[in-house]
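What follows is the residue order along each chain.
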Amino acid sequence: MTNSNPDPPPTLEAAEAQFRTFLAVEGYPQTICWLQPGDVLVDTDRHFWVRARRAKAARHVAMRYAEGLGRNLGIELRAICATDTETFASVFVPVDDLDRQYHMMGRGLKLSCPAERYSTSTTTNPLKWLAVWLSSGRRPKILEP
């Protein structure tokens, strides 16, 4: 599901408010936990494993959003997966105009979420994260938000 707005809000906080409204309409939890690259594993059973590094990810997302405002190529707030209480999401900023077109983005704010939700587990413990990675004989796929 997607929703595009003509202009991205001037602040991440304002964009988050729009994103929360969008998530509620789509049946996703309105509590957002931001992700950065390498924070999501998906196993062959389509079970999502999330490494929640809230403070570090929030700083990363704020920088990406500001970068997107500066580039004027559009910004996407993208839900990746969700538990019953939290939606795990990322910010996507196209690298150039061709990348923007490839991702079917206007120059505004794009909000998206998967139409189908899969089971999701979280951990903040680095040893648990390593154990999840190592214990999967089927080698999980690293999903880049």
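Residues numbered from 1 in each chain as written. Predicted model: local features only at pLDDT ≥ 70, side-chain atom pairs only at ≥ 80, totals over all residues. Heavy atoms only, no water.

1. A word on the overall build of the chain
- A count of helices and strands for the chain gives 4 helices and 9 strands.
- Residue pairs at least 24 apart in sequence account for 69% of intrachain contacts in the chain once pairs closer than 6 positions are excluded.
- Accessible surface, the chain: about 7,800 Å² in total, of which carbon and sulfur atoms supply 55%. (Helix = DSSP H or I, 4+ residues; strand = E, 2+ residues; numbered from the N terminus. Contact = heavy atoms within 4.5 Å. Areas by Shrake-Rupley, 256 points an atom, 1.4 Å probe, with all protein chains shown as cover.)

2. Things to note about helix 2 (residues 54-71)
- The end-to-end C-alpha distance of helix 2 is 25 Å, a good match for the 26 Å that 18 residues give at a rise of 1.5 Å each.
- Every buried residue belonging to helix 2 is among Ala57, Val61, Arg64, Tyr65 and Gly68, and all of these are buried. For helix 2, the angular spread of buried residues about the axis comes to 100°, placing them on one side. For helix 2, exposure combined with an orientation more than 90 degrees from the buried face picks out Ala55, Arg59, Met63 and Gly70.
- Structurally, helix 2 contributes buried residues whose contacts are with helix 1 (12-25), strand 2 (32-34), strand 5 (75-82), strand 6 (87-92) and strand 7 (109-112).
- At the exit of helix 2 stands asparagine 72, carrying a positive phi of roughly 60°. (Expected span 1.5 Å × (residues − 1). Buried < 20%, exposed > 50% of the residue type's maximum accessible area, 1.4 Å probe, protein only. Arc of directions from axis to C-beta.)

3. Focus: the packing of aromatic side chains
- For the structure on display, the rule yields 3 aromatic pairs.
- Arranged with centres 6.1 Å apart and planes meeting at 20°, the rings of phenylalanine 19 and tryptophan 34 form a pair that is stacked. Placement of the pair is phenylalanine 19 in helix 1 and tryptophan 34 in strand 2, with a sequence separation of 15 residues. Just as phenylalanine 19 is buried, tryptophan 34 falls in that class too.
- Through pairs of rings, three or more aromatic residues link up here, namely Phe19, Phe22 and Trp34.
- Directly above the aromatic system of tyrosine 28 lies the positively charged group of arginine 117, at a separation of 4.9 Å from the ring centroid. (Phe/Tyr/Trp six-rings, centres within 6.5 Å; stacked < 30°, edge-to-face > 60°. Lys NZ or Arg CZ within 6 Å of the ring centre and 35° of its normal.)

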